[in-house]
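# Topology and contacts: notes
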Amino acid sequence: MQAMRFAASALTFLAWSGGCATATHPTDPLLEGNTAGTAGTGGADPGGTGGVATAGGTSQPVAGMSAAGSVAVAGMGGGGTSFGGSAGAGGTGGAGGTGGAGGTGGTAGSAGTAGAGGAPPVGFRYVKLVATSEQAGKEWTSIAELEILTTGNTPISRTGWLVMADSEELSGDHNPATYAIDGDAATFWHTSWEPAPNDVNDAKLPHYISVDMTSSHAVTGFTYLPRQTIKNGHIKDWQFFVSKDGTNWGAALKTGTFPDADTLQTVVF
């Protein structure tokens, strides 16, 4: 047997017993180990000692010998996981010797920068609130006040707004859709209704109220103030839509369920 020594990238690796082996290494002295080398397996001769795995990289196998691990480049970006290098192939004839020690793990990379939050929906002139159920299981819908929120979750001025609803009570009582945006909590929009037994003809759910804000805005949420006198028409389940043209609404931007209460409800997207 003859021990041999060779150098690569200014690193000296241990020799072995058995046949010849080679190791390939980067030559850049600034490289650091990023992944741990796996212990090399033993040589071909009986009782042979395995090669020593150095910091990082994949072992280069040669029949009869375990090659030393090569130097790996330091991790970049998020911290990387160290993985062992591949073991050298066992030699023929003799039993494998003891494997070499595993290489040192690579240096963790720097943490990545957190991404910025998504921007609110922008460029929408029209909004629509759809009531799909009522707290008491009736067919009515009522709203005392509806406000739309923009950047910073601040209310958009309702001056000049145009409002439309699928139904409004204008005969027995006067509860038009405009009362939902008049700034007076004592008034309210209510869908059309009749006293029993004519209530079988009341307008059926779902009900909606839509608003033309007359100019486009970023829409970040809305507030809903239920009718303050009695609970008739208090919304339970709802859907909220936005549109650029008042015709194409697409899928609901938000859906939800209001609690059975007469307090102001704020929804933020």
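Scroll up to find the structure.
In short, a report on the structure. (Residues numbered from 1 in each chain as written. Predicted model: local features only at pLDDT ≥ 70, side-chain atom pairs only at ≥ 80, totals over all residues. Heavy atoms only, no water.)

## A few points about the packing of aromatic side chains
For any two aromatic rings, the description comes down to two numbers: the centre-to-centre distance and the angle of the planes. The line we're drawing: Aromatic pairing here means that ring centres of Phe, Tyr or Trp (its six-membered ring) are within 6.5 Å. Orientation follows from the plane angle: under 30 degrees is stacked, over 60 is edge-to-face, and everything else is tilted. Only DSSP runs of H or I covering at least 4 residues are called helices, and only runs of E covering at least 2 are called strands; the numbering of each starts at the N terminus. Only protein chains enter the accessibility calculation, which uses a 1.4 Å probe; a residue is then buried when its area is under 20% of its type maximum, exposed when over 50%, and partly exposed in between.
On inspection of all chains with the given rule, the structure shows 7 aromatic pairs. A centroid spacing of 4.6 Å and a plane angle of 5° characterise the contact between Phe222 and Phe240, whose relative ring orientation is stacked. A residue pair is termed long-range when its members are at least 10 positions apart, and Phe222 in strand β10 (residues 221–225) and Phe240 in strand β11 (residues 237–243) qualify at 18 residues. Judged by relative accessible area, Phe240 falls into the buried class, the value being 0%. Pairing Phe222 with Phe258 gives two aromatic rings, centres 6.4 Å apart and planes at 80°, and the pair type is edge-to-face. Of this pair, Phe222 sits in strand β10 while Phe258 sits in the loop between β12 (254–257) and β13 (265–268), and the two are 36 residues apart along the sequence. For the residue pair Phe222 and Phe258, the accessibility class agrees, reading buried in each case.

## Considering the nonpolar core
Our working rule: Only buried residues count toward a nonpolar core. Its members are Ala, Val, Leu, Ile, Met, Phe, Trp, Tyr and Cys residues joined through side-chain atoms within 4.5 Å. Contacts are assigned to residue pairs that have any heavy atoms within 4.5 Å of one another.
Residues Leu129, Ile143, Ile148, Ile209, Phe222 and Phe240 are the most contacted members of the largest nonpolar core, which totals 26 residues. Residue assignment for this core shows that the elements contributing at least two residues are β3 (124–131), β5 (145–150), β9 (207–217), β10 and β11. Here the element with the most residues in this core is β3; it accounts for 4 residues. Those residues in contact with Phe222 that sit more than four places away from it in its chain are Leu129, Leu146, Glu147, Ile148, Leu149, Trp238, Phe240, Phe258, Gln265, Thr266, Val267 and Phe269.

## Overview of empty space enclosed by the protein
In plain terms, the rule: Any residue with an atom within 4 Å of a point lines the site, the site being either a cavity, points on a 1 Å grid over the protein atoms alone where a 1.4 Å probe fits but cannot get out, or a pocket, an open set with protein on both sides within 12 Å along at least 5 of 7 lines. Grid points are joined across faces, edges and corners, and a volume is the space filled by probe spheres set on the points. All amino acids are sorted into three groups, where Ala, Val, Leu, Ile, Met, Phe, Trp, Tyr, Cys and Pro are nonpolar, Asp, Glu, Lys and Arg are charged, and the leftover types, Gly among them, are polar.
With the rule as written, the count across this model stands at 2 cavities of 30 Å³ or more. In this model, the second largest cavity occupies a volume close to 30 Å³. Every residue along the wall of the second largest cavity is listed here: Gln135, Tyr224, Pro226, His234, Ile235, Phe258, Pro259, Asp260, Ala261 and Gln265. In terms of residue class, the lining of the second largest cavity is built from 6 nonpolar, 3 polar and 1 charged.

## Considering the sheet that holds strand β6 (residues 154–155)
Working definition: the strands of a sheet are paired by backbone hydrogen bonds and lie parallel or antiparallel to each other. For the record, the criterion: Here, a strand pair is defined by DSSP locating no fewer than two bridges between the strands.
The sheet built from 4 strands is open, its strands ordered β6-β5-β10-β13 with antiparallel pairing. One side of each edge strand has no neighbouring strand; the edge strands of this open sheet are β6 and β13. Note: β5 against β6, 2 bridges, orientation antiparallel. When the sheet's bridge partners are listed, Thr150 is paired in β6 with Thr154.

## Points about the pattern of salt bridges
The criterion, for reference: Any Lys or Arg side-chain nitrogen located within 4 Å of an Asp or Glu carboxyl oxygen qualifies as a salt bridge.
The full count for this structure, using the stated rule, is 4 salt bridges. With a closest N to O distance of 4.0 Å, Glu147 and Arg158 form a salt bridge. With a gap of 11 residues between them, Glu147 in strand β5 and Arg158 in the loop between β6 and β7 (162–165) connect regions that are remote in the sequence. Residues joined by salt bridges that share partners form a network here, namely Glu145, Glu147 and Arg158.

## Observations concerning the sheet that holds β11
Note the threshold: Angles shown run from 0 to 180 degrees and are taken between the N-to-C directions of axes, each axis being a line fitted to C-alpha atoms and, for helices, limited to the stretch in contact.
Strand order in this open sheet of 5 strands is β7-β9-β3-β11-β12, and the pairing throughout is antiparallel. Among the strands making up the open sheet, the edge pair consists of β7 and β12. Neighbour-to-neighbour, the strand axes of this sheet turn through a mean angle of 20°, independent of strand direction. Pairing analysis gives 4 bridges linking β7 to β9, with the strands arranged antiparallel. Residue pairing across strands places Leu162 opposite Asp212, the latter belonging to β9.

## Let's talk about the pairing of β11
Buried residues dominate β11, accounting for 5 of its 7 residues. Sheet analysis places β3 next to β11, joined by 6 bridges and oriented antiparallel. Paired with Tyr126 across the strands is Ser243, a residue of β11. As paired strands, β11 and β12 are joined by 4 bridges and run antiparallel to one another. Looking at β12, one finds that Asp237 is bridged to Thr257.

## Considerations on the pairing of β10
In terms of residue burial, β10 counts as a mostly covered element, since 5 of its 5 residues are buried. The side-chain alternation of β10 yields two buried faces, one formed by Gly221, Thr223 and Leu225 and the other by Phe222 and Tyr224. The sheet contact formed by β5 and β10 spans 5 bridges and is antiparallel. In the strand pairing of β10, Leu146 is matched with Tyr224.

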